[in-house]
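This is what each chain is made of:
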Amino acid sequence: MNTLRIQRMRAVVQALFVLSAANASAQSNVNVYGLLDVNLGANDKADSAGHTVWRVSSGGMNTSRLGFRGSEEIGGGLKAVFQLEAAVQTDTGASDAALFKRQANVGFEGGFGRIVFGRSFTSVYDFMIRYDPMGFAPFYSWGTSGSASGASKYGMTTGFDNMVKYTGKVGGLTVGASYGAGEVAGSTADGAKGAVALEYAYGPWSVVGTWERSNGTTVAATGQRDVNTVWHAGGMYNSGPYKFQLAARDYKLTAGKAGVPVVRAVLYWVGANWRVTPANTLIGAVYYQDVRNVAPPADADPIMYVASLRHALSKRTDLYLTAAYAKAKNTRLVAISRDDPGFADTQRGVVAGIQHRF
């Protein structure tokens, strides 16, 4: 009899364990994901002597990464969500930045939208990436920051620390807002950052507009602070095998120090994607930066032409071949990569690579 009771109790415990595990599985979800992107390429005029450099590089189409994300049902149609994401240098195995510098946040998601706290990409980054024909590709796009020509790249802020970020959607309208606390004692403005983004989609057409502002800390001598404001506007047509994108960025940096001129530039880009076959896509893009508020002989006004072929081996693995050519005016320096310095007024480059997502 005791043996029978023990067996029954064991069966009940096992059943409860199975039900508990199934319930937990239904209510919570954790995923490990990543992207490995590596390429072999060359570009000319890679130093002051005009030499060409060949290299194996990480991140041709996208930055390599390793991440963890998940959600848990907490009742009332509400989810708790989290994300941790680290950038990886596939060519060396090293971290591309501080651990989880790409994403480190936790928050909530429900009928109201999604709100997260911590480190994340800005609303501007989230919204504008779809309007860049190269998708902010390290090789080659000036969508996040322009040519490494001169002291300024005239770029947007891609991520905020100490952030509160909201994203919501109503019909064809998607809205986003980000705030990064400056965390300076005695001032809520010093070091603070903010961003707002709006997108409206109707059928194959969509338009976007964004604004961001980043404050420096107050300069004692003037009582002013650096203020960086960036505006974007763009449009896209996406139907069948064709996608056309155009956008512009207005960049302005006003210095807190006395006697420092305003830094100003407007970046324009246009591009197209053509899915020639289900596995092959051709991409073309042109980026042009109109450098302003400088003397005419000093403006670089660089332009870059990009062509890329992407071949899907499967749903997770792609091959790609990308070539770029950039040129600046007035013998100013220009670089096709947003991360490398320029050594001449022209530069050419080509990369061939492979990307795998998991």
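Remember, it's a predicted structure, so these values are computed and weren't measured experimentally.

### Things to note about the overall build of the protein
Thought 1: Broken down by element type, the protein carries two helices and 17 strands.
Thought 2: Principal-axis analysis of the C-alpha atoms places the extent of the protein at approximately 100 × 55 × 45 Å.
Thought 3: Intrachain contacts of the protein at a sequence separation of at least 6 include 55% that bridge at least 24 residues.
Thought 4: Here the protein displays about 18300 Å² of accessible surface, and carbon together with sulfur accounts for 62% of that area.
Thought 5: With 35 positive and 25 negative side-chain charges, the protein shows a spacing of 6 Å between the two charge centroids.

### What about the pairing of strand 1 (residues 28–43)?
Thought 1: Where strand 1 meets strand 3 (residues 65–75), eight bridges bridge the pair, whose relative direction is antiparallel. Considered in strand 3, the bridge of L35 is made with R65.

### So, the confidence of the model for the protein
Thought 1: Scored by pLDDT, the protein comes out at a mean of 92, with 92% of its residues at no less than 70.
Thought 2: Within the model, pLDDT remains below 50 along residues 15–26, and this stretch shows one contact once partners closer than five positions in the same chain are excluded.

### Observations regarding the nonpolar core
Thought 1: M128, M134, Y140, W142, Y287, M304 and V306 are the most contacted members of the largest nonpolar core, which totals 41 residues.
Thought 2: Leaving out residues up to four positions away in the same chain, M128 has contacts with F136, V208, T210, H232, A247 and W269.

### Observations regarding the packing of aromatic side chains
Thought 1: As enumerated under the stated definition, the model contains twelve aromatic pairs in all.
Thought 2: Between Y125 and F136, the ring centres sit 5.1 Å apart and the planes meet at 55°, which makes this aromatic pair tilted. One end of the pair, Y125, is in helix 2 (residues 123–128); the other, F136, is in the loop between helix 2 and strand 7 (159–170), and eleven residues separate them in sequence. Here Y125 matches F136 in class, with each residue buried.
Thought 3: On the numbers, 6.5 Å between centres and 15° between planes, the contact of Y268 with Y288 is stacked. Placement of Y268 in strand 13 (residues 263–277) and of Y288 in strand 14 (residues 280–292) is noted, with a sequence separation of 20 residues between them.
Thought 4: An aromatic cluster is built from W205, Y237, Y242, F244 and W274, whose rings are joined through pairwise contacts.
Thought 5: The ring centre of Y33 lies 3.9 Å from the NZ or CZ of R69, which sits over that ring.

### Brief notes about the pattern of salt bridges
Thought 1: The final tally for this structure, using the stated rule, is 14 salt bridges.
Thought 2: A salt bridge links D340 to R55; its shortest N-O distance comes to 2.7 Å. Taken together, the residues span a long stretch of sequence, with D340 in the loop between strand 16 (317–327) and strand 17 (346–357) and R55 in strand 2 (residues 53–58) at a distance of 285 residues.
Thought 3: Take R55: its relative accessible area is 27%, and that puts it in the partly exposed class.
Thought 4: With a closest N to O distance of 2.9 Å, R119 and D161 form a salt bridge. Highlighted residues: R119 in strand 6 (residues 113–121) and D161 in strand 7, separated in sequence by 42 residues.

### Structural notes on the environment of D339
Thought 1: Here D339 shows up in the loop between strand 16 and strand 17.
Thought 2: When its relative accessible area of 53% is taken as the criterion, D339 is described as exposed.
Thought 3: Sequence separation of D339 and G76 is 263 residues, and the distance between their C-alpha atoms is 46 Å.

Reading the values: the criteria
Residues numbered from 1 in each chain as written. Predicted model: local features only at pLDDT ≥ 70, side-chain atom pairs only at ≥ 80, totals over all residues. Heavy atoms only, no water. Helix = DSSP H or I, 4+ residues; strand = E, 2+ residues; numbered from the N terminus. Contact = heavy atoms within 4.5 Å. Areas by Shrake-Rupley, 256 points an atom, 1.4 Å probe, with all protein chains shown as cover. Lys, Arg positive; Asp, Glu negative; His and termini not counted. Charge placed at Lys NZ, Arg CZ, Asp CG, Glu CD. Pairing = 2+ DSSP bridges. pLDDT = per-residue confidence, 0-100. Core = buried A, V, L, I, M, F, W, Y, C linked by side-chain atoms within 4.5 Å. Buried < 20%, exposed > 50% of the residue type's maximum accessible area, 1.4 Å probe, protein only. Phe/Tyr/Trp six-rings, centres within 6.5 Å; stacked < 30°, edge-to-face > 60°. Lys NZ or Arg CZ within 6 Å of the ring centre and 35° of its normal. Salt bridge = Lys/Arg side-chain N within 4 Å of Asp/Glu carboxyl O.

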